[in-house]
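Structural overview
Now for the letters of each chain:
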Amino acid sequence: MRAIDLQHLSKRLGQRLVLDDVSLSIAPGELFFLIGPSGCGKTTLLRHIAGFLVPDRGRIFFDQEEVTTWPPHRRETGMMFQNYALWPHLNVDANVAFGLQERHVPSAETRLRVEEALHQVQLGGLGQRRISELSGGQQQRVALARALVIRPRSLLLDEPLSNLDARLRLEMRLEIRRITKAFGLTAVYVTHDREEALSMADRMAVMKDGRLLQVGSPKDLYQHPNSLEVAAFIGEANCLSGQVLGATEDPMIYAVETPYGRLLARKPQEHWQPLPRTEVHLMLRPEAIRPGTPSPESNGFYGTLVETLYLGASVQYRVRLKDGVLIQWLVQHPRGDLRTEGESLWLDVDSTDLLMLED
Amino acid sequence: MKRFAGVLILLSVTLFMVFFFLLPLSGTFRMAFMGPQGGWTLDYLFEIFRNPLYLEGLLNALTIAVFSTLGCLFLAVPLALIFVRYEFIGKASLNGLLLVPLILPPFVGALGIQAMLGQAGALNSFLIAWGVLSVNAPIDWLGRGQLLGVILMNVLHLYPIVYLNLSGSLANIDPQWDDAANCLGCPPFRRFWRVTLPLAMPGLYAGCSIAFIWAFTELGVPLIFDVERVTSVQIFNAIKDLNNNPLPYALVVVLMGLTLLLFFGSRAFFRRDVAGGEGKATLGRALIPLTGWRGWLATGFFVAVVAVALVPHIGVLLMALSKDWYQTVLPDQWTVEPLKKALGHPLTLTAIGNSLRYAFLATMLDLVLGVAVAWLLVRTKLFGRSLVDGLTMMPLAVPGIVMAFGYLALSRSGQPLDWLMMGEDPLMLLVVAYAMRRLPYVVRSVTAGLQQIHPALEEAAESLGASPIRALWRVTFPLVMPSVLAGGLLAFAFAMLEVSDSMILAQRTLHFPITKAIYALAGALGDGPSLASALGLWAMLFLTITFVGTGAILGRKIGALFKV
């Protein structure tokens, strides 16, 4: 276990600023995710931790020890590459044994540890196979065994599941999480798959244009995003706009004037005190919407149903609001008849589900 | 560290190319354009075009080149079309046999052709024996001035190059493009002209230009056929009085100029409407199995081409195994005497030793340079690496005889490279010359191999604790080995068979490499020709074993290595 501490990292590659003053602390034993659209700098950040890149500015610490300019082979980090990077000229055993040989581990012990590592990833008995004779999932496991057998102090994973089919991906998610926890590894995992991040991470960071937008637990980020960008990247998000009227008795709940009338919304951070007449966005998850009937207490609006997408476990409706804005409405476990297109209906929203975000 | 190594490679390779490539060329040019009292002159150049002998030589060279290329096309186009589209009996092994002529030295083959098709050769004897021909009026199959013989030998040696390039291009044509034309109502024959041929143009062009330039500047074959009035032979004969005569230099410049003109001129002409080359087939082509008489026709055609292509080599084999083979279909007396003698004769024995030495050293030089340049090109982003890329590819565009002549001119005493001629020993000169000719191929081969190795494979090693040097040694090196070996093998084989440099640069019997020894023996009286054939046979045998052996070692490994 090792704590990873990044302080003010900046990196320019060619004309592009690929890391822009990134600071981040990863706790020992944490499974930490870096997520963001392609080109956001998440892989670049990972390669700085691995040592393949040296930052222009800023410092990297492993457990208080500065390693900013250490070469990769001295960092004791296991790494899993996107295309596995298994060596085609070596068989499974030799691939896994490589790191131990570099450490001059006696051959008898090497044999034992390789066997044990392969056993842990459920590949016992396949040591003599050539890499080309393995399936994608098996190659994945060899790559994991190869990274783990050296008993690294941290594990870096660069989109390790992106080349697997959907079913295998689900299986490997659990497997990787189980193994990192069993080894007590500090792991940094890069992906652009939000489900992967939400389901596996202890904490995660959303990146964009070389900057960290927000860091937190999956639940935090999903429920309390501090910007529309984070909200939209982590899940489906509807966006309405309005003007702040003022706070209610509950200091976290504000009244907001919208084209659909007055709505109550929650602000994500305590310290933010929006003044009346401030332009704000209102973020609403599709699954937080309920059909209802209008009353003086209800928090909601009218809409016209324009499109139906039946998905089996759920139905996705598209609803047009008064001013022409389209929103998504997700109904889980639909029973009875589907609603008909063209139907006009009242939609209710809980004030805690309507998130007020800065413009 | 990496940067330092890169700069070091960049500087030393550039220096090497400047010294051993640009300097010899510029030396030749200087002699061709420098007047007797200093100053520049075009007189010598004009003299070449005024002299009827030189003009005839150029005309003959052009004739040989044009007809050799046409002959190659005549064989290669149907072969490639059938190979890419159809499945038939014996396809794989026949395809391999088609390439055999590539590894056999053409001017040894020329000896064989003379034995088979000469006036007193096997074919005439056969026809006379059957009463078709009169003993007193044998047919001269090789044509007036033996030009036909030269062309025939060139075609039989060079058609695999056109075939390989064309079938590579054809295999890259997406079958869907054909199908699309078909759906739009284009019948097969028109489809060939409107779709297949334009798309295969890059390969066809590449193959033809190599064959054309090769035939245009080939020295060994016309020498064996005693064709004097061809530019390459005229240059060869002129080296005896090199000291004060600027005309040979001018002739070399003219040959080089024409080569470049033809090369770039034809490229400009053909490239206008070449659209192919960008695409890569997305689907494998479903091969159409040919059954019944169609299948046998295809097999028969391949067998026939292979049989004809092997005629020269069969001729060499018979000559080497016979005593006084003359005016009979098959030799009267069989003997292994020449084969034994070829290994005991003082000239052949030293020649074999010399060739092995020259070729080995040249290959080593090529490998060191090739691996360094490939690493520089693929793994660094150093400014100026494209310059090195361009420099190392330049020997491709310069005919062997031009380079050889340049080396000879610059290594005479008092010239900048005279230190390469260690006393009388041309060892260093030949090693550099051989290496230079094959450097582009080695660089290409290793570069291609290195590009296949994803940098993540090296990074994986580093993340597991291997230093960059260790990663290079344990991961990159074993993976790139097949390409290095293939490039080295090619360099070695061609160095063993090099003609132009060997003919021109080795002056004394003591230093003759195999090719020049064969030439010397072929012209000798008595058992010379059969000894020459025997030596040629040994060379062929040796090369075949090298190729087959390495193919077997690599074949097993290559298959496993690249199935990632």
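Everything quoted here is computed from the prediction, not taken from an experiment.

Here the focus is the confidence of the model for chain B. Residue and element names in this part refer to chain B. Taken over all residues, the pLDDT of chain B has a mean of 79, while the share at 70 or more is 85%. Confidence scores differ between elements of chain B, with helix H23 (residues 528-561) showing the lowest mean pLDDT of 68 and helix H19 (residues 455-463) the highest of 90. Residue range residues 274-278 is modelled with pLDDT below 50. Its contacts to residues more than four positions away, or to other chains, number 7 contacts. Within the model, pLDDT remains below 50 along residues 556-564, and this stretch shows 13 contacts once partners closer than five positions in the same chain are excluded.

On to the interface of chain A and chain B. Interface size is often expressed as the accessible area that is lost when the parts come together. In this complex, chain A contributes 22 residues to the contact, which on the side of chain B involves 21 residues. Interface area for chain A against chain B, summed over the two sides, is near 2100 Å², with a carbon-plus-sulfur share of 63%. Contact with chain B buries surface across chain A, with A:His73, A:His89 and A:Glu102 losing the most and accounting together for 28% of the total. Taken together, chain A and chain B are joined by 3 salt bridges. With a closest N to O distance of 2.8 Å, B:Arg470 and A:Glu102 form a salt bridge. Of all the secondary-structure elements, those providing two or more residues to the side of chain A that touches chain B are strand S6 (77-80), helix H2 (92-102) and helix H4 (136-148) of chain A. Here the side of chain A that touches chain B takes 4 residues from H2(A), the largest share from any one element. Residue composition of the side of chain A that touches chain B, by class: 11 nonpolar, 6 polar and 5 charged.

Another point: the pattern of salt bridges. Residues and elements named next belong to chain A. Tallying each qualifying case throughout the model produces 24 salt bridges over all chains. Taking the shortest distance from any N to any O, the salt bridge between Lys181 and Asp202 comes out at 2.6 Å. Highlighted residues: Lys181 in helix H5 (residues 166-183) and Asp202 in the loop between helix H6 (194-200) and strand S9 (203-208), separated in sequence by 21 residues. A relative accessible area of 24% places Asp202 in the partly exposed class. In this structure, Glu229 and Lys208 form a salt bridge, with 2.7 Å as the shortest nitrogen-oxygen distance. In this pair, Glu229 is assigned in helix H8 (residues 228-234) and Lys208 in strand S9, connecting sequence segments 21 residues apart. When its relative accessible area of 40% is taken as the criterion, Glu229 is described as partly exposed. Three or more residues are tied together by salt bridges with common partners; here these are Arg141, Glu171, Glu175 and Arg178.

Procedures and definitions
- Residues numbered from 1 in each chain as written.
- Chains lettered and ligands numbered in written order.
- Predicted model: local features only at pLDDT ≥ 70, side-chain atom pairs only at ≥ 80, totals over all residues.
- Heavy atoms only, no water.
- pLDDT = per-residue confidence, 0-100.
- Helix = DSSP H or I, 4+ residues; strand = E, 2+ residues; numbered from the N terminus.
- Contact = heavy atoms within 4.5 Å.
- Buried area = accessible area lost by both parts, 1.4 Å probe.
- Salt bridge = Lys/Arg side-chain N within 4 Å of Asp/Glu carboxyl O.
- Nonpolar A, V, L, I, M, F, W, Y, C, P; charged D, E, K, R; others polar.
- Buried < 20%, exposed > 50% of the residue type's maximum accessible area, 1.4 Å probe, protein only.

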